[in-house]
Amino acid sequence: LASLVFLSGCVSVDRKTGNPTGLIWNLLGRPMGEAIKFFANNLGLGFGIGIIIVTLIVRLIILPLGLYQSWKATYQSEKMNYLKPILGPIQERMKNASTQEEKLLAQQELMAAQRENGVSMFGGVGCLPLLIQMPFFSALFFAAQHTKGVAESSFLGIALGKPSLLLTAIVAVLYYIQSMLSLHGIEDETQKESMRKASLMSPIMIGVFSLISSAGVTLYWVVGGVIQIIQQFVINYLIRPRLRKQVAEEYKNNPPKAPASNGRRVKKDITPTNPTNAKRSLPTNGNKKRNAGKQRNRN
């Protein structure tokens, strides 16, 4: 959604005509809008069906990129699951660290263990596949909103030019289901809990945007939510089991390595906390030696 807001700057709306302009609109949005009108007017299917068909076509075109991105993330997730006996104690030590120094050492040790065993700290999710997909999402968003005829039409009795509470509820439920499905297969409870909290942001934000957007845009999000759920099922029950076997085979041939510093204790620093007092103590020792010399001379 943040990328969508960023990329929406490439599509601006002319204040005089009310029509969208910009590079993404001219290259992608306008052809999508014409395709929606073709299905709606030329084939007589209506604008609601037109939005659904065009959304499905675009989603299918960019589906390989989405699957590839999910494949990389799942691959790293399965590596983390396999390395749990090594990474778990370090994560627990980092969680229970009593000082900032202990926490920093545990973090460095965790990063070293991940690097040693080929685990990406960012989950293997590259930016390029997402950046390629986002212009299509942005163009679809504006095509569903600004295509001539959409605002005046309806779909199953729902006016596409106004916000719809029914479609908002449906899209929020769909993205919540997708968010919960994305947690499937993650065995690390700490990681799972943090991801569960973050995953709730998607349905909340999509619900808020749907409340202030036209039903034509929400309908596009509904179709996208259904595609996301199907894609997540493919990842969870087709791709993940294969990756699990692949990771087990890889580490069988190249056993995982624990970091050399695994389990080490931090030595207590015995350096004086107040150097000023340490300096003041030096003259005292010197005075004792001088007094001792004077005493010997007297004797």
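Residues numbered from 1 in each chain as written. Predicted model: local features only at pLDDT ≥ 70, side-chain atom pairs only at ≥ 80, totals over all residues. Heavy atoms only, no water.

**Observations regarding the overall build of the protein chain**
Rules: Note on conventions: DSSP H or I runs of at least 4 residues are helices, E runs of at least 2 residues are strands, and numbering of each starts at the N terminus. To sort residues, take the accessible area from a 1.4 Å probe on protein chains only and compare it with the maximum for the residue type: under 20% means buried, over 50% means exposed, and anything in between is partly exposed. Throughout, a contact is declared for two residues whenever any of their heavy atoms are within 4.5 Å. Reported accessibility uses the Shrake-Rupley method at a 1.4 Å probe radius. Residues are deemed covered only where the shown protein chains occlude them.
Scanning the protein chain from N- to C-terminus turns up 11 helices and four strands. Taken over 299 residues, the protein chain has a buried fraction of 37%. For the protein chain, long-range pairs separated by at least 24 residues make up 76% of all intrachain contacts whose partners lie at least 6 apart in sequence. Of the accessible surface of the protein chain, which amounts to about 18200 Å², a share of 61% is contributed by carbon and sulfur atoms.

**Regarding the packing of aromatic side chains**
What counts is decided by this rule: Planes of paired rings set the category: under 30 degrees apart is stacked, over 60 is edge-to-face and the rest tilted, where pairs are Phe, Tyr or Trp rings (Trp by its six-membered ring) whose centres lie within 6.5 Å.
Applying the stated criterion across every chain, the model contains seven aromatic pairs. Here Tyr68 and Trp71 contribute two aromatic rings whose centre-to-centre distance is 6.5 Å and whose plane-to-plane angle is 10°, an arrangement assigned as stacked. Residue Tyr68 and its partner Trp71 are located together in helix H3 (residues 47-82), separated by three residues, close to a single helical turn. With relative accessibility at 42%, the residue Tyr68 sits in the partly exposed group. For the pair Tyr82 and Tyr251, a centre-to-centre distance of 5.1 Å together with 15° between the ring planes defines the contact as stacked. Of this pair, Tyr82 sits in helix H3 while Tyr251 sits in helix H10 (residues 215-253); the two residues are 169 residues apart in sequence, bridging distant segments of the chain. What makes Tyr82 partly exposed here is its relative accessible area of 37%. In this structure an aromatic cluster arises from ring pairing among Tyr68, Trp71 and Tyr75.

**Concerning the nonpolar core**
Side chains of nonpolar character tend, in soluble globular proteins, to be buried together. Filter applied, for reference: Only buried residues count toward a nonpolar core. Its members are Ala, Val, Leu, Ile, Met, Phe, Trp, Tyr and Cys residues joined through side-chain atoms within 4.5 Å.
Met32, Ile51, Val54, Leu160, Leu219, Tyr220 and Trp221 are the most contacted members of the largest nonpolar core, which totals 38 residues. Secondary structure elements with two or more residues in this core: helix H2 (23-42), H3, helix H6 (127-146), helix H7 (165-181) and H10. Sequence-distant contacts of Tyr220, defined by excluding residues within four places in its chain, comprise Ile51, Thr55, Phe137, Leu140, Phe141 and Ala144. Tyr75, Leu110, Ile239 and Leu243 belong to the second-largest nonpolar core, a separate cluster that totals 14 residues.

**Notes on the pattern of salt bridges**
Think of it this way: side chains of opposite charge can pair up when their charged atoms draw near. What counts here: Salt bridges are defined as contacts in which a side-chain nitrogen from Lys or Arg sits within 4 Å of a carboxyl oxygen from Asp or Glu.
The final tally for this structure, using the stated rule, is four salt bridges. As a salt-bridge pair, Arg240 and Glu78 come within 2.6 Å of each other at their nearest N and O atoms. Of the two residues, Arg240 sits in helix H10 while Glu78 sits in helix H3, which places them 162 residues apart along the sequence. With respect to class, Arg240 is no different from Glu78; both count as buried. For Glu78, the salt bridge is made with Arg244, and the minimal N-O distance between the two is 2.9 Å. Of this pair, Glu78 sits in helix H3 while Arg244 sits in helix H10; the two residues are 166 residues apart in sequence, bridging distant segments of the chain. Overall, Glu78 belongs to the buried group, its relative accessible area being 4%. Arg244 gets classed as partly exposed once you look at its relative accessible area, which sits at 39%. Put simply, Glu78, Arg240 and Arg244 are held in one network by salt bridges that share partners.

**Overview of the confidence of the model for the protein chain**
Rules: For every residue, the pLDDT score states the predictor's confidence, bounded by 0 at the bottom and 100 at the top.
In the predicted model, the protein chain carries a mean pLDDT of 76, and the fraction of residues at 70 or more is 73%. Model confidence for the protein chain, summarised as mean pLDDT per element, is weakest for helix H11 (residues 275-298) at 47 and strongest for H7 at 89. Overall, residues 262-290 carries pLDDT values under 50, and its contacts beyond four positions in sequence, including any with other chains, amount to nine contacts.

**Points about the packing of helix H4 (residues 84-95) against helix H5 (residues 100-116)**
What counts is decided by this rule: Angles run from 0 to 180 degrees between N-to-C directions of axes, and those axes are lines fitted to C-alpha atoms, restricted for helices to the stretch in contact. Geometric relationships in this document are graded by angle, where less than 35 degrees denotes roughly parallel, more than 145 denotes roughly antiparallel, 65 to 115 denotes roughly perpendicular, and other angles denote oblique. We call a crossing left-handed when the near helix sits turned anticlockwise from the far one by less than a right angle, and right-handed when that turn is clockwise. Gly counts as polar in this scheme, as do all residues outside two lists: the nonpolar Ala, Val, Leu, Ile, Met, Phe, Trp, Tyr, Cys and Pro, and the charged Asp, Glu, Lys and Arg.
Where H4 contacts H5, the two axes come as close as 8 Å, and the packing angle between them is 160°. As far as their axial angle goes, H5 and H4 are roughly antiparallel. In the crossing of H4 with H5, the sense of the turn from one axis to the other is left-handed. Of the residues in H5, those touching H4 at Leu87, Ile90, Gln91, Arg93 and Met94 are Lys103, Ala106, Gln107, Glu109, Leu110, Ala113 and Gln114. Split by residue class, the contact of H4 with H5 holds six nonpolar, three polar and three charged.

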